[in-house]
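Letter by letter, the chains look like this.
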Amino acid sequence: MLKNNKGIKVNVITVEGDQKKKISDLVARETDLTIFVNKTKLANLHCTPGEYRYLGIGFLYSLGILRKKEDIVSVKIEGKSIKVNISNLPLPIKEIFNSHSLIEIQKLSSDKTGLLPVIDSNCKISQNTIYALISKMQDKAVFFKLSGGVHSCALAGTDGSILLFSEDISRYNTIDRILGEALLKDISTDDKIMLTSCRITSGIITKMIAGNVPIIISRSAPTDCAVDLAHQNGMTLIGFARGKRMNIYTHPERVDL
């Protein structure tokens, strides 16, 4: 078997009609990343190999455990582990790590109210720029075209520029990778657009709100909970953006039609 950082070639039998043949096919690699915070194990993520720093920091940031870059005391990558020391934790460490789930951590970290902030942004984007950005993201999704086994995500400007791009076997990881890289590179997100290839769930929207991104555009569909959450928290949610069409589900005032 041949393998690189993202993919591995395996022998398969492909069948089409009554024809079959042996071929070598590229599949996405899956590994795991263990995240430690202040010497305590928090989570184990299944992910695509590489850029663990962005993934780990973005994961903690989107959960609300890490509030700002200045709270990072140290970051160390050891094999398949990332060890992060953080000051000013939003909750006592025992309360964080005794939570029943990571979703509960996020709720508890939101000022102990369970409420996410409402996005207040005058960011606007034109219809044609949306179509152009989706096309650019697809052009960048090289490994998806080769394997069909990963999700894609990008952070873009309203001028149509792609600033950051990621691919991962997990759609949640793609968001975290982008948010982590933006945080560490001091790239403001409050006037940016997140592009994604994946289905939009409430979990995706929650991460986006935590990252203060006002507009999310997907080639796929949202769930009803995602639409409700985006509406309540001031986010513009666009789905089925393909070719020259799209559905604007919430806060259409940010789109110039």
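Above this text you will find the structure in question.
The paragraphs below set out a description of the structure included in this document.

Among the secondary structure elements, Ser126 is positioned in strand β7 (residues 125-126). Judged by relative accessible area, which is 26%, Ser126 ranks as partly exposed. Taking the C-alpha atoms as reference, Ser126 lies 4.6 Å from Asp256; in sequence the two are 130 residues apart.

Counting buried residues along strand β9 (residues 162-168), five of its seven residues qualify, which places the element largely inside the surrounding structure. Both strand β8 (residues 151-156) and β9 contribute to a ladder of six bridges, which runs antiparallel. Residue pairing for β9: Ser152 is matched across the bridge by Glu167. Where β8 folds back on β9, the antiparallel hairpin that results is connected by five residues, among which Gly160 adopts a positive phi of roughly 95°.

So, about the environment of Ala241. For Ala241, the position within the fold is in strand β12 (residues 236-242). On the basis of relative accessible area, Ala241 is assigned to the buried category, the value being 1%. Sequence separation of Ala241 and Ala221 is 20 residues, and the distance between their C-alpha atoms is 9.2 Å. Once residues lying within four places of it in the same chain are set aside, the contact partners of Ala241 are Ile134, Ile217, Ser218, Arg219 and Met246.

Ranked by internal contacts, the top residues of the largest apolar core, which has 46 residues, are Leu60, Met194, Ile205 and Ile216. Take this core: its biggest share by element is eight residues, from helix α1 (residues 52-63). Aside from chain neighbours lying at most four places away, what touches Ile205 is Ile200, Ile216, Ala226, Leu229, Ala230, Met235 and Leu237.

Another point: the packing of helix α6 (residues 171-184) against helix α7 (residues 202-210). Following both chains from N to C, one finds α6 and α7 inclined at 5°, their axes separated by 10 Å at the closest point. When the interaxial angle is binned, α6 and α7 end up roughly parallel. Residues Arg171, Tyr172, Ile175, Asp176 and Leu179 of α6 touch α7, and the partners they reach there are Gly203, Ile204, Lys207 and Met208. Grouping the amino acids of the contact of α6 with α7 by side-chain chemistry returns five nonpolar, one polar and three charged.

Reading the values: rules and limits
Residues numbered from 1 in each chain as written. Predicted model: local features only at pLDDT ≥ 70, side-chain atom pairs only at ≥ 80, totals over all residues. Heavy atoms only, no water. Helix = DSSP H or I, 4+ residues; strand = E, 2+ residues; numbered from the N terminus. Buried < 20%, exposed > 50% of the residue type's maximum accessible area, 1.4 Å probe, protein only. Pairing = 2+ DSSP bridges. Contact = heavy atoms within 4.5 Å. Core = buried A, V, L, I, M, F, W, Y, C linked by side-chain atoms within 4.5 Å. Axes fitted to C-alpha atoms, helices over the stretch in contact; angles between N-to-C directions. Parallel < 35°, antiparallel > 145°, perpendicular 65-115°, else oblique. Nonpolar A, V, L, I, M, F, W, Y, C, P; charged D, E, K, R; others polar.

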